[in-house]
Amino acid sequence: MIDFNQLLNKRIRDVKPSGIRKFFDICEEYDDVISLGIGEPDFPTPEHIRQAGINAIASGHTKYTSNKGLTELRREIAAYYKRRFNVDYCGDTDVLITIGGSEALDLCFRVLLEDGDEVLVSEPSYVCYSPLTSISNGVYVPIVTEEKDRFRLTPEALKAAITPKSKLLVLTYPNNPTGGIMEREDLEAIAEVIKDTNIIVISDEIYGELTYGGKRHVSMAEIPGMKERTVIINGFSKAYSMTGWRLGYAIGPKELIAAITKMHQHAIMSANTISQYAAIEALRNGDVDINYMHKTYDARRRLVVSGFNLIGLHTFEPEGAFYCFPCIKSTGLDSETFCAQLLEKKRVAVVPGTAFGDCGEGYIRVSYCYSTDHLAEALKRIGDFVEELRSGK
Ligand code: PMP
């Protein structure tokens, strides 16, 4: 018998499975669960974008593209950054098309990290940065963000975490799981802290089209002096409801894009060709879809946040993405126990805040990518659950 535990790369063996997945494995044991767990738009990909994919197949666009991706698409992405954020990028040299933002993140970590390099990550945080750090032999350094600061990374907390070994700063705004955003002055304050260091910023802007209350997303690349040291991760999954098309990109300094392209070339060759044609259509004619979905999320956001606050679970009003992060400390339960009991007693699935770092203790992550009826039913069950807890039933 082969003992794979002995044979596996130790760093891979030690990677913990995602706390989100772990919870969904438990959910599968029940067949009547309603979920508020998935971070995936519930809309179908807009019809004209699907049609562009169908047309690509019908016209025989079924071969590899260049390693970097279709020139036409890369230029559209550069044009999007100009139009949306007034940042100048060259589509020919500064953009790599990847298999979702996920691949772009993976490449950046592998290309930039040396043994012992520190990766500063604002927490609570999306789940992949910690494993990507340890796989590359880096050291993961969480920086706690707090509700009193609207879950923004403060310059003071960042300053306190920086050491001579700090190599990367990962910023995910709008944030998964908290719904926090960073406004221009917040980013400027961060830029001021790192301007005299060698820290490279990985700015995960995958939720950049989803901000509320009339605030627009500010890209880190807009801040003077930051474009030169920032790689932006973005993609089509969230903005255009294209999760299954698996298409994203990295955009940044050309030397870095050349290095990650080298890795991509060997590991992937090129991203899905049909999806690339669909993405061109999304960028050219998809603003109306973004606006429609945004409006719908915003209405759901208000419903869910007021619903939780009425139940007595204090909830920060998210300013971006499509999650909220209710505080469950008043119930006296820890996050995992709250989620396990809610699932067992009321068949509602939400994700424990601890899946996003230790500082997520006392919180749950709720996605509002669901219909209003679905959300209302889930809120009713959660309300009953909390009431029963409080009355000691
Ligand atoms: N970054 C964040 C913050 C995310 O939430 C996700 C998906 N949940 C991704 C990156 C990856 O998205 P994709 O690979 O579908 O582009």
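Residues numbered from 1 in each chain as written. Predicted model: local features only at pLDDT ≥ 70, side-chain atom pairs only at ≥ 80, totals over all residues. Heavy atoms only, no water.

1. Focus on the packing of aromatic side chains
And step 1. Counted according to the given criterion, the structure contains 20 aromatic pairs.
And step 2. Ring plane angle 35° and centroid distance 4.9 Å describe the contact between Y81 and F85, whose orientation is recorded as tilted. Separated by four residues within a single helix, Y81 and F85 lie in helix α5 (residues 71–85), roughly one turn from each other.
And step 3. With relative accessibility at 4%, the residue F85 sits in the buried group.
And step 4. One aromatic cluster in this structure is built from Y80, Y81, F85, Y89, F236, Y240 and Y249.
And step 5. Its guanidinium or amino end placed over the ring of Y89, K227 lies 5.0 Å from that ring's centre, counting from NZ or CZ. (Phe/Tyr/Trp six-rings, centres within 6.5 Å; stacked < 30°, edge-to-face > 60°. Helix = DSSP H or I, 4+ residues; strand = E, 2+ residues; numbered from the N terminus. Buried < 20%, exposed > 50% of the residue type's maximum accessible area, 1.4 Å probe, protein only. Lys NZ or Arg CZ within 6 Å of the ring centre and 35° of its normal.)

2. Quick look at the side chain of K238
And step 1. Its place among the elements puts K238 in the loop between β7 (230–235) and β8 (248–251).
And step 2. E40 provides the closest opposite charge to the buried, unpaired K238, separated from it by 7.5 Å.
And step 3. A distance of 3.2 Å separates polar atoms of two side chains, one belonging to K238 and the other to Y207. (Lys, Arg positive; Asp, Glu negative; His and termini not counted. Salt bridge = Lys/Arg side-chain N within 4 Å of Asp/Glu carboxyl O. Polar contact = N/O pair within 3.5 Å; in protein donor to acceptor, adjacent residues only side chain to side chain.)

3. With respect to the site of the ligand
And step 1. In the vicinity of the ligand lie 13 residues, with G101, S102, D204, Y207 and S237 positioned nearest.
And step 2. With respect to the ligand, the side chain of S102 contributes an N or O atom lying 2.5 Å from an oxygen atom.
And step 3. Between the ligand and S237, the relevant distance is 2.6 Å, taken from an oxygen atom to a side-chain nitrogen or oxygen of the residue.
And step 4. Calculation on the ligand without its partners gives an accessible area of 390 Å², and the protein chains cover 92% of this total.
And step 5. In terms of residues, the shell around the ligand owes the most to one element, helix α6 (residues 100–112), which gives three residues.
And step 6. Across the shell around the ligand, the residue classes break down as four nonpolar, six polar and three charged. (Near = heavy atom within 4 Å. Areas by Shrake-Rupley, 256 points an atom, 1.4 Å probe, with all protein chains shown as cover. Nonpolar A, V, L, I, M, F, W, Y, C, P; charged D, E, K, R; others polar.)

4. Focus on the domain arrangement of the protein
A common way to report how large an interface is uses the accessible area buried once the components associate.
And step 1. Under the domain assignment used here, the protein contains domain 1 (4–44 + 289–391) and domain 2 (47–285).
And step 2. Using only C-alpha atoms to locate each centre, domain 1 and domain 2 end up separated by 25 Å.
And step 3. In this assembly, 35 residues from domain 1 lie in contact with 38 residues from domain 2.
And step 4. Summed over both partners, the interface of domain 1 with domain 2 buries about 3,100 Å², with 61% contributed by carbon and sulfur atoms.
And step 5. For the domain 1 face of the interface with domain 2, the top three residues by lost area are I290, F316 and E319, together amounting to 23%.
And step 6. Inspection of the region where domain 1 meets domain 2 yields three salt bridges.
And step 7. Here R150 and E319 are joined by a salt bridge, their closest N and O atoms 2.8 Å apart.
And step 8. Counting every contact that joins domain 1 to domain 2 gives 18 residue pairs in polar contact (both at pLDDT 80 or more).
And step 9. Secondary structure elements with two or more residues in the side of domain 1 that touches domain 2: α2 (10–13), α12 (287–311) and β9 (323–324). (Domains from an automatic or database assignment. Contact = heavy atoms within 4.5 Å. Buried area = accessible area lost by both parts, 1.4 Å probe.)

5. What about the nonpolar core?
And step 1. Grouped together as the largest cluster of nonpolar side chains are 50 residues, with contacts concentrated most on Y297, F308, F338 and I382.
And step 2. Looking at this core, the elements that each hand over two or more residues are α3 (19–27), α12, β9, α13 (335–346), β10 (348–349), β12 (364–367) and α14 (372–390).
And step 3. Here I382 is in contact with L36, F308, I311, L313, L342 and V348, once residues within four sequence places are set aside.
And step 4. Counting 29 residues, the second largest nonpolar core, distinct from the first, contains I77, Y80, A221 and A278. (Core = buried A, V, L, I, M, F, W, Y, C linked by side-chain atoms within 4.5 Å.)

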